[in-house]
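Structure at a glance
Spelled out from the first residue to the last, the chains are:
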Amino acid sequence: QVQLVESVGGLVQPGGSLRLSCAASGSIFSINAMGWYLHAPGKQRELVATITSGGSTQYEDSVQGRFTISRDNAKNTVYLKMNSLKPEDTAVYYCKAEVVLIARRTVNSWGQGTQVTVSS
């Protein structure tokens, strides 16, 4: 009913920048919170940043000041601009959206994940 399609990540040198996007499509009435999570090897998936429909944001401490989450409600798209990337940011990044369907049922939908590798 809802698909979240993420942009391709990539290989970035330490100190570099990358922007991820995630577009939602399907039987969407509205989207509440959207967010980005990461899953590093050997670790559990963890929250990176969230943004409400009104634009309020929250960040995990390790990315505060380096990453910026934003969204375009007209396009049902969320973005993650990552600056000053560090090797420890290497992970698979997933977007998540709390979607209110046309049928007025709320579901949590996930993107397919995109690999971000920070290495020289």
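How each quantity is defined
Residues numbered from 1 in each chain as written. Predicted model: local features only at pLDDT ≥ 70, side-chain atom pairs only at ≥ 80, totals over all residues. Heavy atoms only, no water. Helix = DSSP H or I, 4+ residues; strand = E, 2+ residues; numbered from the N terminus. Buried < 20%, exposed > 50% of the residue type's maximum accessible area, 1.4 Å probe, protein only. Disulfide = S-S within 2.5 Å. Polar contact = N/O pair within 3.5 Å; in protein donor to acceptor, adjacent residues only side chain to side chain. Contact = heavy atoms within 4.5 Å. Pairing = 2+ DSSP bridges. Axes fitted to C-alpha atoms, helices over the stretch in contact; angles between N-to-C directions. Phe/Tyr/Trp six-rings, centres within 6.5 Å; stacked < 30°, edge-to-face > 60°. Lys NZ or Arg CZ within 6 Å of the ring centre and 35° of its normal.

**Notes on the environment of Gly111**
Here Gly111 is to be found in the loop between β10 (106-110) and β11 (114-118). When its relative accessible area of 9% is taken as the criterion, Gly111 is described as buried. Along the primary structure Gly111 and Tyr94 are separated by 17 residues, whereas in three dimensions their C-alpha atoms are 5.6 Å apart.

**A short note on the state of the cysteines**
Counted according to the given criterion, the structure contains one disulfide. At a sulfur-sulfur separation of 1.9 Å, the disulfide partner of Cys22 is Cys95. One quick way to see it: the torsion about the S-S bond of Cys22 and Cys95 is about 50 degrees, and its sign makes the bridge right-handed. Here Cys95 lies in strand β9 (residues 91-101) and Cys22 lies in strand β3 (residues 18-26), a separation of 73 residues in the sequence. Here the two residues Cys22 and Cys95 agree in accessibility, since each one is buried.

**With respect to the side chain of Asp89**
Locating Asp89 in the fold gives a position in the loop between β8 (77-82) and β9. Relative accessible area serves as the criterion here: at 5%, Asp89 is assigned to the buried category. One polar contact links the side chain of Asp89 to the main-chain amide nitrogen of Lys86, over a distance of 2.7 Å. Here Asp89 is in contact with Arg66, Phe67, Ser84, Val116 and Val118, once residues within four sequence places are set aside.

**Some thoughts on the sheet that holds strand β7 (residues 67-72)**
Judged by pairing direction, the sheet is antiparallel, and its four strands sit side by side in the order β1-β3-β8-β7 without closing on themselves. Two strands lie at the open edges of the sheet, namely β1 (2-6) and β7, each paired on one side alone. Shown here is a sheet whose adjacent strand axes are inclined to one another by a mean of 15 degrees, direction ignored. The pairing of β3 with β8 spans six bridges and is classified as antiparallel.

**Here's the deal with the packing of aromatic side chains**
As enumerated under the stated definition, the model contains one aromatic pair in all. Geometry around Tyr94 places Arg45 over its ring, the cationic atom sitting 3.8 Å from the centre. Over the ring of Phe29 we find Arg104, and its NZ or CZ is 3.6 Å from the ring centre.

**Brief notes about the pairing of β1**
Of the two faces of β1, the one lined by Val2, Leu4 and Glu6 is fully buried and the one lined by Gln3 and Val5 carries no buried residue. Bridge count between β1 and β3: five bridges; the pairing is antiparallel. Directly across from Glu6, in β3, lies its bridge partner Cys22.

Such coordinate-based values are descriptive only and should not be taken to indicate function.
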